[in-house]
Amino acid sequence: MSTKSKDIDQKEQEDDEMDGHPDNLDQNTMEGGQGSTRLILSIDGGGMRGLIALQLIRYLHDHLGIDLVEKADLVGGTSTGALLTFAKIKGLSYQEIEDTYKSMGKIIFGGFFKKMLNFARYLCFGDMAAYENELQRIFGDGLMGNFHQDHKMFLLTSSLAKDDINYITTIISNYNSKDKDIKLVQGMRATSAAPPYFSSTQFDNKRFVDGGILANNPIVKAKQEADNMYKIGTKLIFVSVGTGHVLNRATSDDSSMSLANTLVNCIANSHSIHKDFKQAVDNNPYISYHRFDVLLDRHIGLDDHSEAAYKAMDQVVKEYLADDKTKEKMDNLKKDLEEMIQPGTTQA
């Protein structure tokens, strides 16, 4: 089967699954049902632009009075979205996560000459030894199967099995027994192995690259996981948080940077995935969907840890949060969450 045909088949399958529950699930083993509500949080990938998602999550916490990462029944992230959410559940504060992002940017990427040195050592721009040391510092030797079983967490990566020729979107979670022996550090490496910034990684007889290559916006996979967990009739509140998008961005024709351009285009496609998902679930009475993302006036690189980039991200988030449409969206989400915790709504 050609790559194009495989992509079309996968897209058709995802479209079908957005319409409702798969037919082969045993409702007796699932949670929820009529009268119950579940909150699902999904956070995009985006490298250093994860600071945008972090600021949005922090502001939503202040506005709603609820920490969405800790409150959600199911949390999914791609690349930087996974790092952010897993670090928060691990116990880091949002300020500690922001400080970690900024320190990692300097340590891992540095300036031009450090990137060239990294490329000579690792065939990528990032300092892989420094990155893995930072992941080890945060997550230690913890395993997926032992990670905070009171929170259902998943990350997305792209995997290539030994005898396959195409990468496929792969979920690694703390609730699926097949993933129980995967180290958290391995999972973080797998979801964030973004060429040419980070090298690929291998374990379980598979090669892994960044989840953003195939699913930078994990909302569709979050919906599929929710359909596998919760009974028909469960109301699902989806909150999707982006890392910024740029409209009408021209792609470079430089073939030497084709992998980087592929990843950048995938991130740009996060907005298209959002629009498709919104259209697919708009008329579903059991789904409430909320998307928070900013429009960038210029491209900010996934490895850009400059003060200018930080200021640009801060400014665009402030403008987004001050917009009346954003305030209305936040109020709509607050209303949904208030209904979720009212006595008439059970979490059974």
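Residues numbered from 1 in each chain as written. Predicted model: local features only at pLDDT ≥ 70, side-chain atom pairs only at ≥ 80, totals over all residues. Heavy atoms only, no water.

Trainee: Kindly report on the packing of aromatic side chains, identifying the contributing residues and their values.
Mentor: One pass over the full model with this rule turns up five aromatic pairs. Aromatic pair Phe86 and Phe147: ring centres 5.3 Å apart, planes at 25 degrees, arrangement stacked. Separated by 61 residues along the polypeptide, Phe86 in helix α4 (residues 80–90) and Phe147 in the loop between α7 (128–139) and β3 (152–161) bring together distant segments of the chain. Three or more aromatic residues joined by ring pairs form one cluster here, namely Phe238, Phe277 and Tyr289. The ring of Tyr94 carries the charged tip of Lys88 above its face, separated from the ring centre by 4.9 Å. The cationic tip of Lys102 hangs over the ring face of Tyr310; the distance from NZ or CZ to the ring centre is 4.8 Å. (Phe/Tyr/Trp six-rings, centres within 6.5 Å; stacked < 30°, edge-to-face > 60°. Helix = DSSP H or I, 4+ residues; strand = E, 2+ residues; numbered from the N terminus. Lys NZ or Arg CZ within 6 Å of the ring centre and 35° of its normal.)

Trainee: Which residues make up the pattern of salt bridges, and what values do they have?
Mentor: Counting across every chain of the model gives 16 salt bridges. With its nearest N and O atoms 3.0 Å apart, the salt bridge here joins Glu132 to Arg189. Placement of the pair is Glu132 in helix α7 and Arg189 in helix α8 (residues 184–191), with a sequence separation of 57 residues. Owing to a relative accessible area of 4%, Arg189 belongs among the buried residues under this scheme. The shortest N-O distance in the salt bridge between Lys178 and Asp179 comes to 2.9 Å. Here the salt bridges share partners, and the residues they tie into one network are Glu31, Arg38 and Lys152. (Salt bridge = Lys/Arg side-chain N within 4 Å of Asp/Glu carboxyl O. Buried < 20%, exposed > 50% of the residue type's maximum accessible area, 1.4 Å probe, protein only.)

Trainee: Requested: an account of the confidence of the model for the chain, with residues and values cited.
Mentor: Segments scoring low in pLDDT should not have their predicted coordinates read at a detailed level. On average, residues of the chain carry a pLDDT of 85, and 79% of them reach 70 or more. Between residues 1–9, whose pLDDT stays under 50, and residues either more than four places distant or in other chains, the model counts six contacts. Predicted confidence for residues 14–24 stays below pLDDT 50, and this span has 23 contacts to residues more than four positions away or in other chains. (pLDDT = per-residue confidence, 0-100. Contact = heavy atoms within 4.5 Å.)

Trainee: Report on a negative patch on the surface, specifying residues and quantitative values.
Mentor: Taken together, the side chains of Asp323, Asp324, Glu328 and Asp331 make up a negatively charged region of the molecular surface. Within the secondary structure, Asp323 is located in the loop between α12 (307–322) and α13 (324–340). (Patch = residues over 30% accessible without salt bridge, like charges linked within 9 Å, V, L, I, M, F, W, Y side chains within 5 Å. Areas by Shrake-Rupley, 256 points an atom, 1.4 Å probe, with all protein chains shown as cover. Lys, Arg positive; Asp, Glu negative; His and termini not counted. Charge placed at Lys NZ, Arg CZ, Asp CG, Glu CD.)

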